[in-house]
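Structure assessment
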Amino acid sequence: MIYEISFRFEELELDEEFISRELGYPLDAMPEPFPFYLSEAQNLASSVNDIVGSYQLFEPSQFLTNGRSLHLKGVKLKPGKTITGELRESSHAALFICTAGKTISEEADRLLRGDDPVYGYVLNVFGSAIAEAVADRLQERIQAEAQAQGMQITNRYSPGYCHWDVADQHALFSLFEGKTGGVSLTPSALMHPIKSISGIIGVGSDVQYRDYHCDLCQMKTCMHRKM
Amino acid sequence: MSDLLNQLSECVEFGKVNKAAPFPPQMKGMDGADEITRQAIEQGVAAQDVLTKGLMPGMERVGVKFRENKVFVPQVLMSAKAMSTAMVHLKPFFASGEAKQKGTFIIGTVLGDLHDIGKNLVAMMLEGNGYKVIDLGIDVNTDKYLAALEEHPDAAVGLSALLTTTMANMERITQEIKAVYPNTLVTIGGAPVNADFSQKIGADYYAPDPQGVVEFLNKQTA
Ligand code: B12
């Protein structure tokens, strides 16, 4: 069953820590114009109706892993050694696609390229936080479904991470039968709207939720890297 | 007059756009880049001097502070905003040829990639340091770079990539540009690439931050 869920901005708990970090100021000591821009971003987000998250859970009969690749309803995904390893103990798997929507993505892009890059950047950060918050909410639902059946979930992993080629998103998207929450892929496997994320979560009675470790990632020079 | 230009540098360095702007808090109520540029021109300061002695030193200082992690992206964007507000007043002088930019820079995020915040920062910083910038956007393939080069054959090129999977496209695009324009300088940047990779793919320069590519291009045009 493919769930395609619309979220109101008010239902999403944005990660304020993330916003504060990306803007470089503590939330309670942000100089103007940043509080103003944040409230504008909030108003815009409250008015849109294209914040959507889609997910589906694959039963053991639909999910196969051989240590190198995954097969979901016969569709092959190749997330690479690291992520396949993280999913090793999973009996079920969930795929998801989340988007902050076209309205926010396009407005952020328009502002960043021209009219007001500062507000554009704030809206970009805000949009990223929305996309992540949608993924958080889906993850909670998947976790609740798993727990109801006595199972746990792994962390979530996305194409593009840990050498999982983004081109695999074509296969991932094909499994959603068009119910992608309005997200489409370019031939080069970019998601539109831009403020979108996709990925997989492992489910099983013996799986462990592990924090996303920087040592999983090959990007040694990343600004967000925790040593 | 040098007083005005110094004030202008400070407006750009700290991102003071105009008098009404609340940012930065310590400059509240003071004239900003907008007013001071207008005053300088009214007082007969050459537009070229407004650019090279007023605006550019401010942008350079913020570029260095950003490289040293002393300021964050929003502050750099504030500086860029102050800079572009001032540039509006200089536009007619560029159009008439009375003031000149140092050169042209064509930049884009390569095919298969959408991450463009870093690319935009590089574009703004170059503009702030006196270059004309042609921004081709995201998901850019070779033909777009070549079309832009046809129009601006003396331009240098910047390629940005944030996904390890798009690094291969960066390599191919660099080589395809070089095949048509062997003398065009190709610079690369983005979190997963480095100087070794730049050398390997036949690019001319890798910079970890915008200031690096500004300094590289300044050396070429000096
Ligand atoms: C913001 C962000 C996003 C935003 C993008 C917003 C936007 N408009 O750009 C959103 C949320 C949309 C996003 C989505 C995705 N992202 Co993302 N994203 C990031 C993040 C957190 C920050 C990038 C950033 O803006 N940095 C700030 C700028 C200022 O820094 P910068 O880009 O490095 O640029 C600086 C320098 O590199 C340099 N520079 C840059 N370009 C150039 C060019 C030249 C010529 C020069 C000289 C210098 C230079 O100067 C800049 C200023 O100093 C990074 C993590 C990271 N640490 O980089 C992940 C990251 C890049 N994303 C990643 C991935 C995988 C994705 C997705 C593909 C995941 C998915 N499947 O869902 C999606 C794709 C979405 C789509 N639509 O297709 C991975 C890439 C892994 C890899 N190495 O391949 C990263 C590294 C996260 C991670 N830890 O794994 N992402």
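Residues numbered from 1 in each chain as written. Chains lettered and ligands numbered in written order. Predicted model: local features only at pLDDT ≥ 70, side-chain atom pairs only at ≥ 80, totals over all residues. Heavy atoms only, no water.

So, about the overall build of chain B. Secondary structure summary: chain B contains nine helices and five strands in total. In terms of overall dimensions, chain B is globule-like: its C-alpha atoms have a radius of gyration of 18 Å, near the 17 Å expected for 222 residues. C-alpha extents for chain B along the principal axes are approximately 50 × 35 × 25 Å. The proportion of buried residues among the 222 residues of chain B is 56%. Summarising the internal contacts of chain B: among those between residues at least 6 apart in sequence, 69% fall at separations of at least 24. Here chain B has roughly 9400 Å² of accessible surface; of this, 53% comes from carbon and sulfur atoms. Put simply, chain B has 20 plus and 26 minus side-chain charges, and the middle of one group is 4 Å from the middle of the other. (Helix = DSSP H or I, 4+ residues; strand = E, 2+ residues; numbered from the N terminus. Rg over C-alpha atoms; globule rule 2.2 N^0.38 Å. Buried < 20%, exposed > 50% of the residue type's maximum accessible area, 1.4 Å probe, protein only. Contact = heavy atoms within 4.5 Å. Areas by Shrake-Rupley, 256 points an atom, 1.4 Å probe, with all protein chains shown as cover. Lys, Arg positive; Asp, Glu negative; His and termini not counted. Charge placed at Lys NZ, Arg CZ, Asp CG, Glu CD.)

Before going further, it helps to spend a moment on the domain arrangement of chain B. Many descriptions give the size of an interface as the accessible area lost when the pieces come together. All names here are of chain B. Domains assigned within chain B are domain 1 (2-96) and domain 2 (103-221). Each of domain 1 and domain 2 has a C-alpha centre, and the two are 26 Å apart. Domain 1 puts 13 residues into the contact, and the matching count from domain 2 is 12 residues. Counting each side, the surface lost to burial between domain 1 and domain 2 is near 1100 Å², with a carbon and sulfur contribution of 73%. Where domain 1 touches domain 2, the interface holds one salt bridge. In this structure, the salt-bridge partner of Glu-215 is Arg-67, at a minimum N-O distance of 3.3 Å. Elements that contribute at least two residues to the side of domain 1 that touches domain 2 include exactly helix 3 (47-67) and helix 4 (73-96). Its residues placed into classes, the side of domain 1 that touches domain 2 shows 10 nonpolar, one polar and two charged. (Domains from an automatic or database assignment. Buried area = accessible area lost by both parts, 1.4 Å probe. Salt bridge = Lys/Arg side-chain N within 4 Å of Asp/Glu carboxyl O. Nonpolar A, V, L, I, M, F, W, Y, C, P; charged D, E, K, R; others polar.)

This paragraph deals with the coordination of the cobalt atom of the ligand. Reference values for angles at a metal are 109.5 degrees in the four-donor tetrahedral case and 90 or 180 degrees in the six-donor octahedral case. No other protein atom reaches the cobalt atom of the ligand as a donor apart from His115(B) (NE2), found 2.3 Å away. Topologically, His115(B) is positioned in the loop between strand 1 (103-109) and helix 5 (117-128). (Donors = N, O, S within 2.8 Å, 3.2 Å for Na, K, Ca; no water.)

All names here are of chain A. Burial within strand 10 (residues 196-204) is extensive, with nine of its nine residues counted as buried. Alternating residues of strand 10 divide into Ser-196, Ser-198, Ile-200, Gly-202 and Gly-204 and Ile-197, Gly-199, Ile-201 and Val-203, and every residue in both groups is buried. Note that strand 6 (residues 92-99) and strand 10 share eight bridges and pair antiparallel. Paired with Ala-94 across the two strands is Ile-201, which belongs to strand 10. Both strand 7 (residues 152-157) and strand 10 contribute to a ladder of four bridges, which runs antiparallel. What sits directly across from Ile-153, in strand 10, is Val-203. (Pairing = 2+ DSSP bridges.)

Listed per partner, the contact involves 27 residues of chain B and 26 residues of chain A. Put simply, Lys81(B) and Asp116(A) hold a salt bridge, and the shortest N to O gap is 3.2 Å. At the boundary of chain B with chain A, the tally comes to three residue pairs in polar contact (both at pLDDT 80 or more). Contributions of two or more residues to the side of chain B that touches chain A are made by helix 4 and helix 5 of chain B. Here the side of chain B that touches chain A takes six residues from helix 4 of chain B, the largest share from any one element. Partitioned by chemical class, the residues of the side of chain B that touches chain A number 17 nonpolar, six polar and four charged. (Polar contact = N/O pair within 3.5 Å; in protein donor to acceptor, adjacent residues only side chain to side chain.)

Right, let's get into the pairing of strand 6 of chain A. All names here are of chain A. When you tally the buried positions in strand 6, you get eight out of eight residues, the bulk of the element. Summarising the sheet, strand 2 (residues 52-58) and strand 6 pair through seven bridges and their orientation is antiparallel. Each residue of the ladder has a partner; that of Ser-54, found in strand 6, is Ile-97.

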